[in-house]
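# Structural overview
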Amino acid sequence: MASRERPGLYIHVPFCERKCPYCDFYSVPLAGSRAGIGGYLESVACEWRQAASGWPAFDTLYIGGGTPSVLDPEQIASLLDTARASLAQPAEITVELNPADVRAALLAALRAAGVNRLSLGVQSFADDELAWLGRRHDSAAAVRAIALIREADFGSLGLDLIYALPGQDPSRWRRNLQRAVALAPEHLSCYALTVAPGTPLWRRAARGEIVTDEDASAALFLDGSRLLCDAGYEHYEVSNFARLAGDPGASLRSRHNQKYWSRTPTLGLGPAAHSFDGERRWWNARDLDGYAAALAERGDARAGEERIDAAMARLEAIALGVRTADGVALAVVGDEQRCNVDRICDAGWATRREGALCPTREGLLRADGIARLLGSDPDT
Ligand code: SF4
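First things first, this report covers the structure right here in the doc. All values reported here derive from a predicted model rather than from experimental measurement. (Residues numbered from 1 in each chain as written. Predicted model: local features only at pLDDT ≥ 70, side-chain atom pairs only at ≥ 80, totals over all residues. Heavy atoms only, no water.)

Given a rise of 1.5 Å per residue, 13 residues ought to cover 18 Å, and the 19 Å separating the end C-alpha atoms of helix α5 (residues 139-151) matches this to within 8%. One or two positions beyond α5, positive phi appears at Asp153, with a value near 65°. (Helix = DSSP H or I, 4+ residues; strand = E, 2+ residues; numbered from the N terminus. Expected span 1.5 Å × (residues − 1).)

The final tally for this structure, using the stated rule, is 7 aromatic pairs. Both rings, one in Trp48 and one in Phe58, keep their centres 6.0 Å apart while their planes meet at 50°; by these two values the pair is tilted. Here Trp48, found in helix α1 (residues 37-51), pairs with Phe58, found in strand β4 (residues 58-65); they are 10 residues apart in sequence, far enough to count as distant. Relative to Trp282, the ring of Trp55 lies with its centre 6.5 Å away and its plane at 65°, an arrangement referred to as edge-to-face. (Phe/Tyr/Trp six-rings, centres within 6.5 Å; stacked < 30°, edge-to-face > 60°.)

In the contact formed by helix α6 (residues 170-182) and helix α8 (residues 214-230), the axes pass within 10 Å of each other and the chain directions differ by 30°. Overall, the two elements α6 and α8 adopt an arrangement that is roughly parallel. For the element pair α6 and α8, the recorded crossing hand is right-handed. Packed against α6, whose contacting residues are Pro170, Trp173, Arg174, Leu177, Gln178 and Val181, the element α8 presents Leu220, Asp223, Gly224, Leu227 and Leu228 at the interface. Counted by class, the contact of α6 with α8 contains 7 nonpolar, 2 polar and 2 charged residues. (Axes fitted to C-alpha atoms, helices over the stretch in contact; angles between N-to-C directions. Parallel < 35°, antiparallel > 145°, perpendicular 65-115°, else oblique. Left-handed = near helix turned anticlockwise from the far one by under 90°. Contact = heavy atoms within 4.5 Å. Nonpolar A, V, L, I, M, F, W, Y, C, P; charged D, E, K, R; others polar.)

This next bit is on the nonpolar core. The biggest cluster of nonpolar side chains holds 86 residues, and the ones touching the most others in it are Phe15, Leu97, Leu118 and Leu120. Among the elements that make up this core, the one with the highest residue count is α1 (6 residues). When residues no more than four places from it in sequence are discounted, the contact partners of Phe15 are Ser27, Val28, Leu30, Ser33, Gly36, Ile37, Tyr40, Gly66, Thr67, Val70, Leu71 and Leu288. Formed by 9 residues, the second largest nonpolar core is a distinct cluster that contains Tyr22, Cys23, Leu193 and Leu201. (Core = buried A, V, L, I, M, F, W, Y, C linked by side-chain atoms within 4.5 Å. Buried < 20%, exposed > 50% of the residue type's maximum accessible area, 1.4 Å probe, protein only.)

Let us now look at the sheet that holds strand β16 (residues 350-353). Pairing within the open sheet is antiparallel, and its 3 strands lie in the order β15-β17-β16. The two strands at the open ends of the sheet, each matched to only one other strand, are β15 (328-329) and β16. Strand direction decides the pairing type here: β15 and strand β17 (residues 356-359), joined by 2 bridges, are antiparallel. Following the sheet pairing, Val328 is matched in β17 by Leu357. Sitting on the sheet, helix α13 (residues 338-346) touches β16 and β17, and the angle it makes with β16 is about 115°. (Pairing = 2+ DSSP bridges.)

What follows is about unusual backbone geometry. Most peptide bonds adopt trans geometry, and most residues besides glycine take a negative phi value. The omega angle of the peptide bond from Gly65 to Gly66 is 25°, so this bond is cis rather than trans. Among the structural elements, Gly66 can be located in the loop between β4 and α2 (73-83). That bond from Gln89 to Pro90 is cis: its omega, -5°, falls within 30 degrees of zero. Position of Pro90 among the secondary structure elements: in strand β5 (residues 87-97). With a phi close to 70°, Gln123 is a non-glycine residue in the positive phi region. As for its position among the elements, Gln123 is in strand β6 (residues 117-123). Backbone geometry at Asp153 places phi at a positive 65°, although glycine is not the residue there. Within the element layout of this structure, Asp153 appears in the loop between α5 and β7 (156-163).

Let us now look at the site of the ligand. In the vicinity of the ligand, the contacting residues are Cys16, Arg18, Lys19, Cys20, Tyr22, Cys23, Gly66, Thr67 and Arg135. Tallied by class, residues from the shell around the ligand come to 4 nonpolar, 2 polar and 3 charged. (Near = heavy atom within 4 Å.)

Here we come to the environment of Val28. Relative to the helices and strands, Val28 resides in strand β3 (residues 28-29). The class for Val28 is buried, based on a relative accessible area of 19%. Contact partners of Val28, with chain neighbours within four places excluded, come to Pro14, Phe15, Cys16, Ser33 and Leu288.

Here's what the structure looks like:
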């Protein structure tokens, strides 16, 4: 594992109270599967015993899902205990929460277990939007949850929001962001609604019941970025904003998520979890039963693996780098792409800074297109 940075650890919790109609993350509704939680916890502990050897200490742990907060506090703590001895100090330890699950007792248990960062799935502060998204909380519950989290004195709080709902008026998105800013989270993740194949939302779109509008989504992206940057946040990745900290140049970025964008090794545990050791990427069986059965049979839950050669590593570094404000090293892009780099800079989509090609706000909007251009053969 050739990386100067410490690796990150991710644990996927594959349970939700119920499925949201737009979601294609792997999770199962809790009704009918609660009895399987004990077996899941044992499987993760088993996977950890098999998978952890050879990995240096992790300096981030992210417990995501699914909805980790549908587990009992002791169950979340047991996941953390699984890996505790392999956490470097200080480690960033994040847990995702649904606002409907936030209680003072849960927060106290998470604090006691060493959690120092929470990610709250607010999605919207408008009740009609939350109902349309099929969420099980309303905006009052989100505001209550944030107040409880502040009382519990967690070091860092991130809020997730969704925009570009069909027909969403720009003023409604701005109001959502203004509500969020007023609550002063350290971190904000803003995701454009995507119609993922196979979801109930996708079936509605196929029937013509909902229509998405890419131009409207792009306008909301740019407007939201301007609003948040004016409010003291750094737009450091396509979907992510961190509040600027006291020191010049410092901000409250997610250390864990930055590992994905910088191609730092990460180990993923749990069904559907992905891992990367610097040379190979692999992914676990996507269903709970298949995951548990594979572990029981062969002590390994891998469903597939891919070796990353030098050409793929370059393309990955470009595709991930141009999604971040820190950009991609020009040495990685290569001298043969000089004309394309000039075109991108002339269009105002990026600037050259300290040996890197760094996307502007307009560039972040076009990150995938820029990556395709820089990854293409310059002679074609
Ligand atoms: S709560 Fe989150 S993970 Fe669960 S179904 Fe809804 S969006 Fe997906």
